[in-house]
Amino acid sequence: MFRLKKLPNGVTIVSEKLPFVRSIALGIWVRNGSRHERIHESGISHFIEHMLFKGTKNRTSKQIADEMDRIGGQLNAYTTKEYTCYYFRALDNHIDQALDILTDMFLNSNFEEKEIEKEKGVILEEINMYEDSPEELVHDLMQKAVWEENPLGEPILGTTETIATFDHKTLKNFFNKRYRPENTVIAVAGNFDYDEMMDKIEQKFSNWDFNEKDDYEYTYPQYKAQILTKTKDIEQIHACLSFPGISSDSEDVYTLITLNTILGGGMSSRLFQKIREDRGMAYSVYSYPTNYNDTGLFTIYAGMNPSQTIEVLDLIIKEIQALKTNKIPPNDLSKTKEQLKSNYIMGLESTNSRMSSIGRSQLMLNKVRTPDEIIEKVDAVTEERVAVLIDKLFDFSNMSASIVGKLDSINLEEIKALCQLK
C-alpha cells in the first residue's frame, strides 16, 4: 500500500512498507534537471549534484563516504533532463544514520570554492569521456537535432565553456531557486514503522524554507526534423533515427512500451533478430522511447561498419514500413505483454526499484499507480491501439537522424535520400 503525506512547507512524502525485507531505500527527488537551465547555465544541475557529496557544515566528503560504508549502505545520485535524485539503500536498523547523512548533504552542503575548482576538473574529464564514447554521443546529438532551440536539446553534463564559469555564488543561487520544498518528493520503500519514519523525515525537513524567487521560464520544445552529423576518427558508424514521441502522462505510454519491445526493445525484437542475428550486420541495434513531461521521442539506434550503413538503415526503414502495413499479430502482442508484466513484477523485488518507481511517478505525474493498476494498463493494450499508434508515430516526413563517425566513409546524400531527410 502506498501512503502519501504533505508537509506544511510543501514537501511531499510517498512511502511503501515492505515488511518481508530487511532493507530500506530512500530517495530525495527534485523537479530540477538540465531542461530548467538557461544556455549559459548548461550543466549546472549536474554540477550541483556532484557538489552535494563534497562536504557539509558537519561532515567532510571523506566522512560522508566513510560513515555510509561503516553501516554497509549505498549512497548515490543522478541528474536527468527533468529531475535529480539523491538516494541511499541501507539495512533497516541503520535508517537513522543513513537518513542523517543524506539530509545533511541535501540541506547543509558548503559549495566551497576550492571543492568547486577541483570538481570542474572531474566533470571536464566526464565530458571528455563522453566525447570518446560515440555510441553515447550520437543520442545527445539526436536530441540536439530535434530540440536545438530548447534546453531539452542541451547535454546534461554542460559544456567546457559553461562549466568554467561556475562558482559558489552561481551554484548557490541556482540551488536556492530550484531546490524548493514544493519541487521535492521524498520516496521511501522497505521495512519501517510508518509513524516513526514520518516523524524522522518531518524532523529533518519541516524547517526547510526558501527565500529566493524561482525565475525559471518554461518554453515548449518545438520538434524540428533534421539531420545532424559529427565527424569522429573511429571504425564504426553510429546512427540514430527518431520520430516525435509522446509525453509521460499520455494514455498511450503502455501501448508505446509494448510496441517498442516488439520492434527493438530486446533480443527477440524484430530489429535485433533481422539485422544482428539473421544478417550479422550490427553488433548493437535497438529502439527506445523517451518520454518527457510535455513531449517525447521514439529513437532507433544502430552501430555498424561504414560499408553496411545504407543497408542497415534500409532494413530499419523496411521493418517500420512492414509494421505500418501488416500491424502486430495477436500472438506477438500476447507474448510481449506477458514479457512486460513479468519484467515489471520481478523488478519490484528490489526496494530501490520500488522507491524509484513511486518517487519518479509522484514527482512527475503527481500520482502513483499500484502494481495491479499497471498490470491492467498493460493488459488493456490491444491490436487496435497499437495499430493506431504505429500510424501516428511513424511519419517519415517528420523523421530526424544523427550520425557519428568517419563521414567521408559513407554517402551522406544517399542516406538523406533513403531516409527522406532534408
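What counts and what doesn't
Residues numbered from 1 in each chain as written. Predicted model: local features only at pLDDT ≥ 70, side-chain atom pairs only at ≥ 80, totals over all residues. Heavy atoms only, no water. Helix = DSSP H or I, 4+ residues; strand = E, 2+ residues; numbered from the N terminus. Rg over C-alpha atoms; globule rule 2.2 N^0.38 Å. Buried < 20%, exposed > 50% of the residue type's maximum accessible area, 1.4 Å probe, protein only. Contact = heavy atoms within 4.5 Å. Areas by Shrake-Rupley, 256 points an atom, 1.4 Å probe, with all protein chains shown as cover. Pairing = 2+ DSSP bridges. Axes fitted to C-alpha atoms, helices over the stretch in contact; angles between N-to-C directions. UniProt positions renumbered as here; feature names shortened; annotations may be inferred. Salt bridge = Lys/Arg side-chain N within 4 Å of Asp/Glu carboxyl O.

1. Focus: the overall build of the chain
Piece 1. The helix and strand inventory of the chain stands at 16 helices and 11 strands.
Piece 2. Since a compact globule built from 422 residues should have a radius of gyration of about 22 Å, the 23 Å found for the chain is in line with a globular shape.
Piece 3. Judged by the C-alpha coordinates and their principal axes, the chain covers about 60 × 50 × 40 Å.
Piece 4. Relative to its full complement of 422 residues, the chain shows a buried share of 52%.
Piece 5. Considering only contacts within the chain whose residues lie at least 6 apart along the sequence, 83% involve residues at least 24 apart.
Piece 6. Carbon and sulfur atoms make up 47% of the accessible area of the chain, which totals about 19100 Å².

2. Here we look at the sheet that holds strand β11 (residues 400-405)
Piece 1. Pairing in this open sheet of five strands is mixed, and the strands run β7-β11-β8-β10-β9 from one edge to the other. Each edge of the sheet is formed by a strand with only one pairing partner; in this case those strands are β7 (227-231) and β9 (284-291). With strand direction ignored, the average angle separating the axes of adjacent strands in the sheet is 15 degrees.
Piece 2. Two strands pair when backbone bridges link them, and β9 and strand β10 (residues 296-304) are joined in this way by eight bridges, in the antiparallel orientation. Residue Tyr 286 lies in a different strand from β10, and its bridge partner there is Tyr 301.

3. Some words on the UniProt feature "domain: Peptidase M16 N-terminal" (unreviewed entry) in the chain
Piece 1. On the UniProt side, "domain: Peptidase M16 N-terminal" (unreviewed entry) is annotated at positions that read residues 13-159 here.
Piece 2. Annotation note: span residues 13-159, helix share 44%, strand share 18%, distance between end C-alpha atoms 35 Å.

4. Quick word on the environment of Ser 248
Piece 1. Inspection of the secondary structure assignment puts Ser 248 in the loop between β8 (237-244) and α9 (253-263).
Piece 2. Put simply, Ser 248 and Ile 127 are 121 residues apart on the chain and 28 Å apart in space, counted from C-alpha to C-alpha.
Piece 3. Apart from the residues lying within four places of it in its own chain, the contact partners of Ser 248 are Val 253, Asn 291, Tyr 292, Asn 293 and Leu 365.

5. What to know about the pattern of salt bridges
Piece 1. This model, assessed by the stated rule, comprises 34 salt bridges.
Piece 2. A salt bridge links Lys 177 to Asp 215; the shortest N-O distance between them is 3.1 Å. Separated by 38 residues along the polypeptide, Lys 177 in helix α7 (residues 168-178) and Asp 215 in the loop between α8 (194-205) and β7 bring together distant segments of the chain.
Piece 3. The salt bridge involving Lys 341 is made with Asp 379; its shortest N-O contact spans 2.7 Å. One end of the pair, Lys 341, is in helix α12 (residues 330-347); the other, Asp 379, is in helix α14 (residues 371-379), with 38 residues separating them in the sequence.
Piece 4. Linked by salt bridges that have partners in common, Arg 59, Glu 67, Asp 100, Asp 104 and Lys 204 make up one network.

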